[in-house]
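# Remarks on the overall topology
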4 protein chains.
Amino acid sequence: MPRTEQQFAAIREKSKAKFLRTALELFANYGYHSTSISQIAKSAGVAKGSLYHYFESKEQLLEAVFMQGLNELDGLFEEIDMEAAPEDKLTQLLDLSISSLQKEKHFWQLYFALITQMKLPEVLRKRLQPVMNEMFTFFNILFQELGAEEPESEAKLLAATFDGICLHYLMMGEEYPLEKVKEKLLGMYIGKR
Amino acid sequence: MPRTEQQFAAIREKSKAKFLRTALELFANYGYHSTSISQIAKSAGVAKGSLYHYFESKEQLLEAVFMQGLNELDGLFEEIDMEAAPEDKLTQLLDLSISSLQKEKHFWQLYFALITQMKLPEVLRKRLQPVMNEMFTFFNILFQELGAEEPESEAKLLAATFDGICLHYLMMGEEYPLEKVKEKLLGMYIGKR
Amino acid sequence: MPRTEQQFAAIREKSKAKFLRTALELFANYGYHSTSISQIAKSAGVAKGSLYHYFESKEQLLEAVFMQGLNELDGLFEEIDMEAAPEDKLTQLLDLSISSLQKEKHFWQLYFALITQMKLPEVLRKRLQPVMNEMFTFFNILFQELGAEEPESEAKLLAATFDGICLHYLMMGEEYPLEKVKEKLLGMYIGKR
Amino acid sequence: MPRTEQQFAAIREKSKAKFLRTALELFANYGYHSTSISQIAKSAGVAKGSLYHYFESKEQLLEAVFMQGLNELDGLFEEIDMEAAPEDKLTQLLDLSISSLQKEKHFWQLYFALITQMKLPEVLRKRLQPVMNEMFTFFNILFQELGAEEPESEAKLLAATFDGICLHYLMMGEEYPLEKVKEKLLGMYIGKR
DNA sequence: TATGAATGAGCCTTCATTCAT
DNA sequence: CATGAATGAAGGCTCATTCAT
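Labelled according to an unreviewed UniProt entry, chain A appears under the name TetR/AcrR family transcriptional regulator, originating from Rapidithrix thailandica.

Here it is, written out as structure tokens:
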């Protein structure tokens, strides 16, 4: 008796998830090019060929890994109370970002490795665009609410600061004083209330 | 014939420089792994084998390329008048950095690609450390002079902002409003003088 | 319950036949090596694994496909009236051959691909031998009846011509003037009656 | 001191020729798909990778092998005295063909394997076309000179016979009575003059 | 018996590196 | 020192076959 379709779907989902997890970790730690399919398979505890049941190619695996990370990100900012005062929104955003950064370290590592390499497959670039736009819009509105003269430039600066902090945190590891830096950043925009 | 030897040395130096320049450009544009020795040799207009007269291996070539960039960086900050007022020093640093960023785009591209990949050969890591320390110390002193309560954290934040701006500039290209962002950044620290 | 068993056998036979048909078509169109088990299974509308219930291996499937074609061929020449005049027998043979060629295009395509590759598994070679011998004997007798001086050589020549025509027809497709060539061939041997 | 360009060209030519020879033999004997690059390299006594200095891919190697065979063929028919009587021209053509068939057995084996498989890369198909046209035209003229009623059909029939004989010779090996069949064929067209 | 996920040997191909000239 | 042909390890990928359900 063959398994039901649902059983098969479950198996597939599980295997696929395992591959995605393993690949994310290895890509993040060693880089895309320095990670071989063999390594991924071995780490995942399966045979090399199995990977190709789920992903057409190594590159497509990378895409899937990255996509998954972006998808999980999507929900993140919906938690922010958009009706709150700008100061609070900024605080919430920072908290959420830092939380994501710490929980999804591998993803963020991969993220910076990818955007830094300018080879981003078109698919990924297209998928990334709206996410970044949303972020930028968020900042823009924030600074408008704060009465900034040039909200756009302010937004750009803040975005850069955000990415810089993430980058430094990922580079230095746990010894990086993420909390302190966060406080200082908040201090700059919200001021010593 | 001492002159002959000098000529040889000169030729050697010239060839080596050409390799370094070519490699930097290709590594920056296509990434280390996606650039083959053949490509570099062809772009440099010499034979593949010749490269190995100057560099032991591809990895060692990368190191040399990166080292050279760092060496050129060393002189950069010596131009700053350390006796000037902190506000002026920050302004000078920003100007110098932006100037370097624009002139040495390839190097900076490679820089971010490398630090992002956490594979930095030990040699490079060691060479990079003092540069970053110097930068950090510079910021630290700056904020002490500015009377900051926690100059260390302030320094970290500013450093992150710096890197973030660089990153975004490199990602977005010339349409990035580097000047405007710079002004905003200066405004935040120097205030509405 | 004997009926159930018969039903099973019927189903089995039907499935097997479907595989054979599909495999013949794909092997003929794309070649043995360029046709994967997956493709066959998908084209046949069943799962890959099922194929192995009916055939031990891909090679054995090929054998079965070819065997089946040869078996169907066996009956073909029995329709010829062996008592007829040699001219008529030749005509009948030609007509039957052309008819088979047109109806079993896939088989003949596979046939030429196989004999051309000199890898013919021993089984097939053994199965093929009597068929070809029968043909040759038929020709031999024919030319004896026609009073040829060297019936053997004549038979060999005619056989070659036969295969050549088939080959060209298969290569050129429907635009090949099969009928005209047939007429010419008949004319050569039967003469302007 | 580097080798001169001519030296390099000589080396390349020699290596390339060795690969072509080896590949032709193996492709002919075992078939394209059943011959691995490893085998070819081993048979040629060189490393696997070396092959790719000369041919972009396995398929391109096949093309080159086939092309070379066709090129050598080109000269063949120029030896025929086109002013001779049709009977003599046919005789000459047959002799030349048989001679080629025996000398270039591997090529002809490959030839039939390829045309039989209907996958002929476009390049090859295009290269083959004029050769076949030339042959057909030759036959056509021949039969016109012989006063045939339908020279086209006659040409088609003769061409088929030619290919059939070749095919049978290649299939049966040296025991095939090539000479006798040739005589018979000549007899049919030239007749008892 | 049917299914399709899993396997792994083997394939084609790339490329850093070596070396004879 | 320069050259580019040669090497061969390693990588990505395919696919016939197996097997648990």
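Now, onward.
Here we come to the interface of chain D and chain C. Facing 37 residues of chain D, the contacting portion of chain C comprises 36 residues. Summed over both partners, the interface of chain D with chain C buries about 3,600 Å², with 68% contributed by carbon and sulfur atoms. On the chain D side of the interface with chain C, the three residues burying the most area are L157(D), K184(D) and M188(D), jointly 18% of the side's total. Run the count over chain D and chain C and you get four salt bridges. The salt bridge partner of E150(C) is K180(D), with a shortest N-O separation of 3.0 Å.

Turning our attention to the relation of the copies chain A and chain B. By a simple turn and slide, chain A fits onto chain B: the slide is 0.0 Å along the axis, the RMSD is 0.3 Å, and the turn is 179 degrees. What the rotation and shift describe, once combined, is the action of a two-fold rotation axis. Comparing interface residues between copies, 100% of those in chain A also lie at the interface in chain B; the contact surface is shared.

So, about the relation of the copies chain D and chain C. If you rotate chain D by 179 degrees and push it 0.0 Å along the axis, it lands on chain C with an RMSD of 0.2 Å. Of the residues that chain D buries at the interface, 97% are likewise interface residues in chain C, meaning the two copies contact each other through the same surface.

A separate point is the UniProt feature "DNA-binding region" (unreviewed entry) in chain A. Here, UniProt's "DNA-binding region" (unreviewed entry) annotation points to residues 36–55 of chain A. Regarding residues 36–55 of chain A, the helix share stands at 60% and the strand share at 0%, and the terminal C-alpha atoms are separated by 14 Å.

Right, let's talk about the interface of chain A and chain B for a bit. Counting residues at the interface gives 37 residues for chain A, matched by 37 residues for chain B. Taken together, the two surfaces of chain A and chain B that pack against each other cover about 3,600 Å², and 68% of this comes from carbon and sulfur. Ranking the residues of chain A by area buried against chain B places L157(A), K184(A) and M188(A) at the top, with a combined share of 18%. Along the contact surface separating chain A from chain B lie four salt bridges.

Another aspect to go through is the environment of E145(C). All names here are of chain C. With respect to the element layout, E145 can be found in helix α7 (residues 122–145). Residue E145 is classed as partly exposed on the basis of its relative accessible area, which comes to 40%. C-alpha of E145 to C-alpha of W108: the two residues are 37 residues apart in sequence and 29 Å apart in space.

Moving on, we get to the domain arrangement of chain A. Residue and element names in this part refer to chain A. By the assigned domains, chain A splits into domain 1 (1–55) and domain 2 (57–190). Placing the centre of domain 1 and that of domain 2 at their C-alpha centroids yields a distance of 28 Å. Facing the 15 residues of domain 1 at the interface are 13 residues of domain 2. Summed over both partners, the interface of domain 1 with domain 2 comes to about 1,400 Å²; 75% of that surface belongs to carbon and sulfur atoms. When the buried surface of domain 1 facing domain 2 is broken down by residue, L24, Y32 and F55 rank first, second and third, together holding 41% of it. On the surface where domain 1 and domain 2 come into contact, there are zero salt bridges. Summed over the shared surface of domain 1 and domain 2, the result is four residue pairs in polar contact (both at pLDDT 80 or more). Taken together, the elements giving at least two residues each to the side of domain 1 that touches domain 2 come down to α1 (5–30), α2 (37–44) and α3 (51–54).

Attention now goes to the UniProt feature "domain: HTH tetR-type" (unreviewed entry) in chain A. Mapped onto this structure's residue numbering, the UniProt feature "domain: HTH tetR-type" (unreviewed entry) falls at residues 13–73 of chain A. For residues 13–73 of chain A, the end-to-end C-alpha separation is 20 Å, with 75% helix and 0% strand making up the annotated structure.

Enumeration over the complete set of coordinates arrives at 28 salt bridges over all chains. Among the ionic pairs, K105(A) bridges to E174(A), the shortest N-O distance being 3.0 Å. Placement of K105(A) in helix α6 (residues 105–115) and of E174(A) in the loop between α8 (151–172) and α9 (178–190) is noted, with a sequence separation of 69 residues between them. Judged by its relative accessible area of 25%, K105(A) falls in the partly exposed class. Under the relative-accessibility criterion, E174(A) is labelled exposed at 57%. For E145(D), the salt bridge identified is with K89(D), shortest N-O distance 3.1 Å. Within this pair, whereas E145(D) is found in helix α7 (residues 122–145), its partner K89(D) is found in helix α5 (residues 86–103), the two being separated by 56 residues in sequence. Accessibility expressed as a relative area gives 2% for K89(D), which makes it buried. Linked by salt bridges that have partners in common, D95(A), E179(A) and K182(A) make up one network.

Attention shifts here to helix α9 (residues 178–190) of chain D. Helix length check: α9(D) (13 residues) gives 18 Å between terminal C-alpha atoms against 18 Å at 1.5 Å per residue, within 8%. Packed against the buried residues of α9(D) are α8 (151–172) and α9 (178–190) of chain C together with α5, α7 and α8 (151–172) of chain D.

This part is about the packing of aromatic side chains. Each pair of aromatic rings is reported with the distance of its centres and the angle of its planes. Residue and element names in this part refer to chain A. Scanning the model with the defined rule gives 48 aromatic pairs over all chains in all. Aromatic side chains W108 and Y111 sit 5.1 Å apart centroid to centroid with 75 degrees between the ring planes, which places their arrangement in the edge-to-face category. Of this pair, W108 and Y111 are both found in helix α6, three residues apart, which corresponds to roughly one turn of the helix. According to the relative accessible area criterion, W108 is buried, its value standing at 13%. Look at Y111 and you get buried, because its relative accessible area is 5%. An aromatic cluster is defined as three or more aromatic residues linked by ring pairs; in this entry it consists of F66, F107, W108, Y111 and F112.

Next up on the list: α9(C). All of the buried residues along α9(C) are L178(C), V181(C), K182(C), K184(C), L185(C), L186(C), Y189(C) and I190(C). Elements in contact with the buried residues of α9(C): α5 (86–103), α7 and α8 of chain C together with α8 and α9 of chain D.

Our focus in this paragraph is the nonpolar core. Formed by 125 residues in total, the largest nonpolar core has its most connected members in L61(A), F66(A), F112(A), L61(B), F66(B) and F112(B). In this structure, I98(C), I40(D), L61(D) and L114(D) belong to the second largest nonpolar core, which totals 124 residues.

The rules behind these values
- Residues numbered from 1 in each chain as written.
- Chains lettered and ligands numbered in written order.
- Predicted model: local features only at pLDDT ≥ 70, side-chain atom pairs only at ≥ 80, totals over all residues.
- Heavy atoms only, no water.
- Contact = heavy atoms within 4.5 Å.
- Buried area = accessible area lost by both parts, 1.4 Å probe.
- Salt bridge = Lys/Arg side-chain N within 4 Å of Asp/Glu carboxyl O.
- Least-squares fit on C-alpha atoms with pLDDT ≥ 70 in both.
- UniProt positions renumbered as here; feature names shortened; annotations may be inferred.
- Helix = DSSP H or I, 4+ residues; strand = E, 2+ residues; numbered from the N terminus.
- Buried < 20%, exposed > 50% of the residue type's maximum accessible area, 1.4 Å probe, protein only.
- Domains from an automatic or database assignment.
- Polar contact = N/O pair within 3.5 Å; in protein donor to acceptor, adjacent residues only side chain to side chain.
- Expected span 1.5 Å × (residues − 1).
- Phe/Tyr/Trp six-rings, centres within 6.5 Å; stacked < 30°, edge-to-face > 60°.
- Core = buried A, V, L, I, M, F, W, Y, C linked by side-chain atoms within 4.5 Å.

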